[in-house]
Amino acid sequence: MKPPIPFDAPVYVSRPLLPDLRELSEKLEEVWKAEWLTNNGAQHRALEERLRTVLGVPQLSLFNNGTVALIVACQSLRLSGEVITTPFTFPATPHVLTWNRIQPIFCDIDPLTMNIDAEQIERNVTPQTTGILAVHVYGTPCDVAAIERVADRYGLRVIYDAAHAFGVEVDGRAVGNFGDISMFSFHATKLFHTAEGGALAFRDPNLKPRIDLLKNFGIKDQETVMMPGINGKMNELSAALGLLVLEHVEGERGRRHELAGIYRERLRGVDGLTCLETLPGVRSSEQYFVIRVDERRFGASRDRVFEEFKKYNVFTRKYFHPLCSEYACYRQLPSADPAKLPVAHRVASEVLAMPFYGRLGADDVSRICDMLLTFRGSGA
Ligand SMILES: *Cc1c(COP(=O)(O)O)cnc(C)c1O
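Conventions we followed
Residues numbered from 1 in each chain as written. Predicted model: local features only at pLDDT ≥ 70, side-chain atom pairs only at ≥ 80, totals over all residues. Heavy atoms only, no water. Helix = DSSP H or I, 4+ residues; strand = E, 2+ residues; numbered from the N terminus. Rg over C-alpha atoms; globule rule 2.2 N^0.38 Å. Buried < 20%, exposed > 50% of the residue type's maximum accessible area, 1.4 Å probe, protein only. Axes fitted to C-alpha atoms, helices over the stretch in contact; angles between N-to-C directions. Parallel < 35°, antiparallel > 145°, perpendicular 65-115°, else oblique. Left-handed = near helix turned anticlockwise from the far one by under 90°. Contact = heavy atoms within 4.5 Å. Nonpolar A, V, L, I, M, F, W, Y, C, P; charged D, E, K, R; others polar. Pairing = 2+ DSSP bridges. Near = heavy atom within 4 Å. Polar contact = N/O pair within 3.5 Å; in protein donor to acceptor, adjacent residues only side chain to side chain. Areas by Shrake-Rupley, 256 points an atom, 1.4 Å probe, with all protein chains shown as cover. Expected span 1.5 Å × (residues − 1). Arc of directions from axis to C-beta. Core = buried A, V, L, I, M, F, W, Y, C linked by side-chain atoms within 4.5 Å. Patch = residues over 30% accessible without salt bridge, like charges linked within 9 Å, V, L, I, M, F, W, Y side chains within 5 Å. Salt bridge = Lys/Arg side-chain N within 4 Å of Asp/Glu carboxyl O.

Q: Can you help me understand the overall build of the protein chain in this one?
A: Summing up its helical and strand segments, the protein chain has 11 helices and 17 strands in all. Over its C-alpha trace the protein chain gives a radius of gyration of 21 Å, about what one expects of a compact globule, namely 21 Å for 380 residues. In terms of its C-alpha atoms, the protein chain occupies a principal-axis envelope of roughly 75 × 55 × 40 Å. Counting all 380 residues of the protein chain, 55% fall into the buried class.

Q: For this particular structure, what's the right way to read the packing of helix α7 (residues 236-267) against helix α11 (residues 362-374)?
A: For any two helices packed against each other, the geometry comes down to the angle between their axes and how far apart the axes lie. Between α7 and α11, the least distance of the axes is 10 Å, while the angle of their chain directions is 30°. Taken together, the axes of α7 and α11 are roughly parallel relative to one another. Remark: the crossing between α7 and α11 carries right-handed chirality. From α7, L259, I262, Y263, R266 and L267 reach across to α11, where they touch A362, V365, S366, I368, C369, D370, L372 and L373. Of the residues assigned to the contact of α7 with α11, the class counts are 10 nonpolar, 1 polar and 2 charged.

Q: Could you clarify how one ought to interpret the sheet that holds strand β7 (residues 169-170) in this entry?
A: In any sheet, the strands associate via hydrogen bonds between backbone groups, in a parallel or an antiparallel arrangement. One open sheet accounts for 3 strands, arranged β8-β7-β14; its pairing is antiparallel. Only two strands of the sheet have a single partner each, and these edge strands are β8 (173-174) and β14 (282-283).

Q: Which parts of the structure should I look at to understand the site of the ligand?
A: Near the ligand lie 15 residues; those nearest to it are T67, D161, H164, S185 and K190. The separation between an oxygen atom of the ligand and a polar side-chain atom of T67 is 2.6 Å. Look at the ligand: alone it shows 380 Å² of surface, and the protein chains cover 94% of it. Elements supplying a minimum of two residues to the shell around the ligand: α3 (66-76), α4 (92-99) and β9 (181-185).

Q: What should I look at first to understand the environment of S25 in this one?
A: Looking at where S25 falls in the secondary structure, it is placed in helix α1 (residues 21-34). Each C-alpha atom, one on S25 and one on L241, is 9.8 Å from the other, the two residues being 216 residues apart in sequence.

Q: Sorry if this is basic, but what is going on with the pairing of strand β15 (residues 289-293) here?
A: Two faces, one strand: in a regular strand the side chains alternate between the faces of the sheet. Burial runs high along β15: 5 of the 5 residues are buried. Covered by surrounding structure in β15 are F289, I291 and V293 together with V290 and R292, the residues of both alternating faces. Alignment of strand β13 (residues 273-275) against β15, held across 3 bridges, turns out to be antiparallel. Within the sheet, the bridge partner assigned to L273 lies in β15 and is V293.

Q: What should I look at first to understand helix α2 (residues 42-54) in this one?
A: Helical geometry: 3.6 residues make up each α-helical turn, so side chains three or four residues apart lie on a common side. Along its 13 residues, α2 runs 18 Å from first to last C-alpha, staying within 8% of the 18 Å computed at 1.5 Å per residue. All of the buried residues in α2 are Q43, H44, L47, E48 and L51. Projected down its long axis, α2 shows its buried positions confined to an angular sector of 130°, all on one face. Downstream of α2 by one or two residues, G56 has phi in the positive range, about 60°.

Q: Hey, could you run me through the nonpolar core in this one?
A: Within soluble globular proteins, side chains that are nonpolar tend to cluster in buried spots. The biggest cluster of nonpolar side chains holds 48 residues, and the ones touching the most others in it are L47, L51, I121, I147, F166, F186 and F192. Only α2, β2 (59-63), β5 (129-135), α5 (144-154), β6 (157-161), β10 (198-202) and α7 provide two or more residues apiece to this core. With 7 residues, α7 is the largest single contributor of residues to this core. In this view, L47 contacts L62, F192, T194, M234, A239, G242, L243 and L246; residues no more than four positions away in its chain are not counted. One finds V11, V314, V365 and C369 within the second-largest nonpolar core, a separate group that totals 31 residues.

Q: Looking at this structure, how should I read a nonpolar patch on the surface?
A: A cluster of nonpolar side chains, namely W32, L37 and L237, defines an oily patch on the protein surface of about 330 Å² accessible area. Within the element layout of this structure, L237 appears in helix α7.

Q: Any chance you could explain α3 here in plain terms?
A: Across the 11 residues that make up α3, a large majority, 9, are buried. If you check which residues of α3 are buried, you get G66, V68, A69, L70, I71, V72, A73, C74 and S76. With a side-chain oxygen lying 3.0 Å from the backbone nitrogen of T67, the N-terminal cap of α3 falls on N65. Just past α3, the residue R78 takes up positive phi, approximately 55°.

Functional significance is not addressed by these values, which are geometric in nature.
Below you can see the structure in the form of structure tokens.
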């Protein structure tokens, strides 16, 4: 086989969905005419309503980003003390606990789904535990039934970081219906985005007024401030963009699904490489396409593969390495001890997120696979 040719332009893991600029200008004309840029304007109301339907959830509240949404989720449920979470995630997940003066307790993960290991949550429960903050990593749903059982046994609240899980369904049930609250991120790198943005989804209608107060400084009316809230509001420009991006999400999901099929077919049976699989009964978000590199069998480490790809102008990402429990701000916590997180450490050394977005061609994916196969046996 001829050695693959490097790409002329850099290839990244993701590219944002961009609606037609003229369509966006037309939409923005509505905003200009209304002379209303934020605070629950017409675009905001329209997007909130649309997303309630698209995400199949009874209650939804939009935010300026997913991180502030998660901070508010913890406040709305009055979490305190300790919350059990996963080290294998984006830094925002444990950070929102810290911003609420809650201690994150890191629990090991499942070797296959790479989500929090529900069987190990119980051993981390103490009298200070008030909740579980689990992540549907890469959109793979957590073991929601097992998490609900532990939560019920100890009276814990459950929040899901569903940042990767836009449109995921489990046996026909929309993923935002599990636990007390789910957070969706609409950051530019997510399948659906509003440039920056996010939402909380929940079933309890009584939570809606409290969440909406918390995201608007706690202001009830011109004379009454109920609580120390924050500014978590989504603006009209982002909401307008979101309404247009939403029209392209299903097309993008379909194209990514096809690309995932090509990756899987090309990499099937390669010793030491495994592709992230969609669980039976699950509708995938197609947020990321992740492979795992077993250094011993593939003859090259994940870090080696990452470095080799760069020579071909391909910029993969080590999502999620290092673990959150390895950050300087968390590594002194008793639960961050690597001896207690063996699976998370192994997984973090193996994962690699591959280029995965609709505008990438089938040929490009094939060429990336050709490159990967030449890295076999290239060492640590
Ligand atoms: C993107 C992401 C977030 C943060 O969302 P923002 O909207 O960027 O604040 C939180 N958790 C996970 C797992 C994410 O991937």
